[in-house]
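Chain by chain, the residues run as shown.
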Amino acid sequence: MSGASSRSLGKGSSPPGPVPEGLIRVYSMRFCPFAQRALMVLKAKGIRHEIVNINLKNKPEWFLKKNPTGLVPVLEDSKGRLISESVIICEYLDEAYPDKKLFPDDPYEKARQKMTLESFSKVPLLVTRFVRGKKEDHPALKEELTKEFYKLEEAMTKYKKDFRVGDAVSMTDYLMWPWFQWLEALELKECVAHTPKLKGWMAAMQKDPTVSSHLIDAKTYRGFVNLYLQDSPEACDYGL
Amino acid sequence: MSGTSSRSLGKGSSPPGPVPEGLIRVYSMRFCPFAQRALMVLKAKGIRHEIVNINLKNKPEWFLKKNPTGLVPVLEDSKGRLISESVIICEYLDEAYPDKKLFPDDPYEKARQKMTLESFSKVPPLVTRFIRGNKEDRSALKEELRKEFYKLEEALTDCQSEFRIGDAVSMTDYLMWPWFQRLEALELNECVAHTPKLKGWMAAMQKDPTVSSHLIDAKTYRGFVNLYLQDNPEACDYGL
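Conventions we followed
- Residues numbered from 1 in each chain as written.
- Chains lettered and ligands numbered in written order.
- Predicted model: local features only at pLDDT ≥ 70, side-chain atom pairs only at ≥ 80, totals over all residues.
- Heavy atoms only, no water.
- UniProt positions renumbered as here; feature names shortened; annotations may be inferred.
- Helix = DSSP H or I, 4+ residues; strand = E, 2+ residues; numbered from the N terminus.
- Rg over C-alpha atoms; globule rule 2.2 N^0.38 Å.
- Buried < 20%, exposed > 50% of the residue type's maximum accessible area, 1.4 Å probe, protein only.
- Contact = heavy atoms within 4.5 Å.
- Areas by Shrake-Rupley, 256 points an atom, 1.4 Å probe, with all protein chains shown as cover.
- Buried area = accessible area lost by both parts, 1.4 Å probe.
- Salt bridge = Lys/Arg side-chain N within 4 Å of Asp/Glu carboxyl O.
- Polar contact = N/O pair within 3.5 Å; in protein donor to acceptor, adjacent residues only side chain to side chain.
- Nonpolar A, V, L, I, M, F, W, Y, C, P; charged D, E, K, R; others polar.
- Pairing = 2+ DSSP bridges.
- Axes fitted to C-alpha atoms, helices over the stretch in contact; angles between N-to-C directions.
- Parallel < 35°, antiparallel > 145°, perpendicular 65-115°, else oblique.
- Left-handed = near helix turned anticlockwise from the far one by under 90°.
- Expected span 1.5 Å × (residues − 1).

Per an unreviewed UniProt entry, the recorded name for chain B is Glutathione S-transferase omega, and the organism is Cricetulus griseus. The record in UniProt for chain B states the following under Function (unreviewed entry): "Exhibits glutathione-dependent thiol transferase activity. Has high dehydroascorbate reductase activity and may contribute to the recycling of ascorbic acid. Participates in the biotransformation of inorganic arsenic and reduces monomethylarsonic acid (MMA)." Its UniProt record gives chain B the following Sequence similarities (unreviewed entry) comment, quoted word for word: "Belongs to the GST superfamily. Omega family."

And the structure:
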């Protein structure tokens, strides 16, 4: 009952037992971009982990005890310690597993990566509004998204170091990636039409082994979105 | 033209020169809670710094070149490197000046502090809405604030080690403090009436030397708020 492609656990399911020593567990959902952040960081850093998918449309009571907000991702270790919030989880992993650091060692360079993530911060909200919005709302949202991408393009131009094609993929790259991965499936690619650095970055990211192991095809993603918007308890397992 | 109690610089002012070696500069505003975070961390860690107050109702063009959002705080070092966003600044300072760490060394304890800050995150926007709201909005907002404080009280109950009276003040304490400092002046003390742990924490914080050096009396603060709501360019220098 565990692994990236396992069926989600819903109401009435038995809670999974304690996390075995030497392993870390992520409560996740196959299509959740926030959970994908944690999964990519675990993979990029080579951290042994197990995945328990949660049915976010039919949440198990035992999961709400682990995280009252009911959101994924949640990290659990063999001591039963829990961490929630995707950025907090990813920063924790980079510190607790100091081999293969994803953040730069230099405090200023690290701060610059965090500022770049700040320039990105409106994107997840806009994409959610787009997914949930009506057709009439779409042009205005596409316009807002394009504006945010211009801002990010400027941030990348200023902080070239983080985004040179060919440079090692770093923390902020992984933290931003899941939303860029979905642009094609959501027919939002036009929003990056005039931001060449961003497009170059996306192309480079798709070559990264961690990123390419997490790709889900557009058709499956759209099938999920369709069911999710209808609050179907089958949404989270679509495609299995 | 520098220091906690210096007049703010506005449109048409000359930009301050480069930051002298061995010093770090904060662009601030005497009443800004976000800037206060940075000032308290600098003080608590004993970092030599200079303060340049910005007239947020009449921003200098040279400041908008340093931070296009026009917000304070902004950190500048003697190499001319700039960092914006209060949490990013405070985390940077804790890493760049590793004596007297404000975050715990243990990655899990550090993650827990960040999760506590996350439980606090709705408070700043609520306080802003309260200040800007009319009488009818205010009772609803007080209720929302009370709810957020209950949530925080629960987080304190879970993470007892951070908030035991007498323990060293840590990063999250400083990051949350500025809004609690303003409760009395805004007549919002009733919102903590039923959260004894939070009240105990507030009392302990008021004894911390860094906190007590940053107190502003209620009358001065209210004078500022009054002028600020009117977009008065004298607001930021009220009381000088």
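Asker: Can you help me understand the overall build of chain B in this one?
Answerer: Along the backbone of chain B there are eleven helices and four strands. Relative to a compact globule of 240 residues, whose C-alpha radius of gyration would be 18 Å, chain B shows 18 Å and is just as compact. Over its C-alpha atoms, taken along the principal directions, chain B stretches across nearly 50 × 45 × 30 Å. For chain B, the proportion of its 240 residues judged to be buried stands at 55%. Contacts spanning at least 24 positions in sequence make up 71% of the contacts within chain B whose residues lie at least 6 apart. Accessible surface computed for chain B: about 11,200 Å², of which carbon and sulfur atoms make up 50%.

Asker: What exactly am I supposed to notice about the interface of chain A and chain B here?
Answerer: By a widespread convention, an interface's size corresponds to the accessible area lost as its parts come together. Taken together, the contacts link 18 residues of chain A with 18 residues of chain B. In this assembly, chain A packs against chain B so that about 1,800 Å² is buried in total across both faces, 63% of it on carbon and sulfur atoms. Where chain A touches chain B, the interface holds four salt bridges. For K110 of chain B, the salt bridge is made with E95 of chain A, and the minimal N-O distance between the two is 3.1 Å. The tally of links between chain A and chain B comes to four residue pairs in polar contact (both at pLDDT 80 or more). For the side of chain A that touches chain B, the secondary structure elements donating two or more residues are strand 4 (82-84), helix 3 (86-96) and helix 4 (107-120) of chain A. Sorting elements by how many residues they give to the side of chain A that touches chain B places helix 4 of chain A first, with seven residues. Partitioned by chemical class, the residues of the side of chain A that touches chain B number nine nonpolar, one polar and eight charged.

Asker: Any chance you could explain the side chain of Q36 of chain B here in plain terms?
Answerer: Residues and elements named next belong to chain B. Within the secondary structure, Q36 is located in helix 1 (residues 33-44). For Q36, the side chain forms a polar contact with the side chain of R182, separated by 2.9 Å. Contacts of Q36, omitting those with residues within four sequence positions, involve W177, P178, Q181, R182 and H214.

Asker: Could you clarify how one ought to interpret the pattern of salt bridges in this entry?
Answerer: Any two side chains of opposite charge can pair if their charged atoms end up close together. As enumerated under the stated definition, the model contains 31 salt bridges over all chains in all. Residues D237 of chain B and R7 of chain B are paired through a salt bridge, measuring 3.5 Å at the closest nitrogen-oxygen approach. With D237 of chain B in the segment after helix 11 (218-229) and R7 of chain B in the segment before strand 1 (24-28), the pair connects residues that are 230 residues apart, well separated along the chain. When its relative accessible area of 10% is taken as the criterion, D237 of chain B is described as buried. The exposure class assigned to R7 of chain B is partly exposed, which follows from its relative accessible area of 40%. The salt bridge involving E109 of chain B is made with R112 of chain B; its shortest N-O contact spans 3.5 Å. Of this pair, E109 of chain B and R112 of chain B both sit in helix 4 (residues 107-120), three residues apart, which is roughly one turn of that helix. What makes R112 of chain B buried here is its relative accessible area of 17%. By sharing partners, the salt bridges in this structure join R25, E50, K66 and E76 of chain A into a single network.

Asker: Help me understand the sheet that holds strand 2 (residues 49-53) of chain A, please; the structure alone is not making it clear to me.
Answerer: Through backbone hydrogen bonds, the strands of a sheet pair up, either in parallel or in antiparallel fashion. All names here are of chain A. In space, the four strands of this open sheet follow the order 2-1-3-4, with mixed pairing throughout. What marks the edges here is a single partner per strand, and that holds for strand 2 and strand 4. On average, each strand axis in the sheet is inclined to that of its neighbour by 20°, with strand direction left out of account. In this sheet, strand 4 lies alongside strand 3 (residues 74-76) in antiparallel orientation, the contact comprising three bridges. Opposite E76, over in strand 4, you have L82 as the bridge partner. Strands strand 1 (24-28) and strand 2 of the sheet are contacted by helix 1 (residues 33-44), whose axis makes an angle of about 155° with strand 1.

Asker: Would you mind going over the packing of helix 4 of chain A against helix 3 (residues 86-96) of chain B with me for this structure?
Answerer: Packed helix pairs are specified by the crossing angle of their axes together with the interaxial distance, meaning the distance between the axes. The interhelical angle for the contact between helix 4 of chain A and helix 3 of chain B, taken along N-to-C directions, is 165°, at an axis separation of 9 Å. By the criterion of interaxial angle, the relationship of helix 4 of chain A to helix 3 of chain B is roughly antiparallel. For the element pair helix 4 of chain A and helix 3 of chain B, the recorded crossing hand is right-handed. Only I88, E91, Y92, E95 and A96 of chain B of helix 3 of chain B make contact with helix 4 of chain A, whose side of the interface consists of P107, Y108, K110, A111, K114 and M115 of chain A. Residue classes in the contact of helix 4 of chain A with helix 3 of chain B are distributed as seven nonpolar, no polar and four charged.

Asker: Where do I start with the UniProt feature "domain: GST N-terminal" (unreviewed entry) in chain B in this structure?
Answerer: What UniProt calls "domain: GST N-terminal" (unreviewed entry) maps, in this numbering, to residues 22-101 of chain B. Secondary structure content for residues 22-101 of chain B is 36% helix and 20% strand, while the C-alpha to C-alpha distance between its ends is 19 Å.

Asker: Looking at this structure, I do not really get helix 11 (residues 218-229) of chain A. What am I missing?
Answerer: Helical geometry note: an α-helix holds 3.6 residues per turn, so side chains three or four residues apart project in the same direction. Residues and elements named next belong to chain A. With twelve residues, helix 11 should cover 16 Å at 1.5 Å per step; its first-to-last C-alpha distance of 16 Å lies within 8% of that length. Taken together, the buried positions of helix 11 are T220, Y221, G223, F224 and V225. Where helix 11 terminates, the next one or two residues include D231, which has phi positive at roughly 60°.

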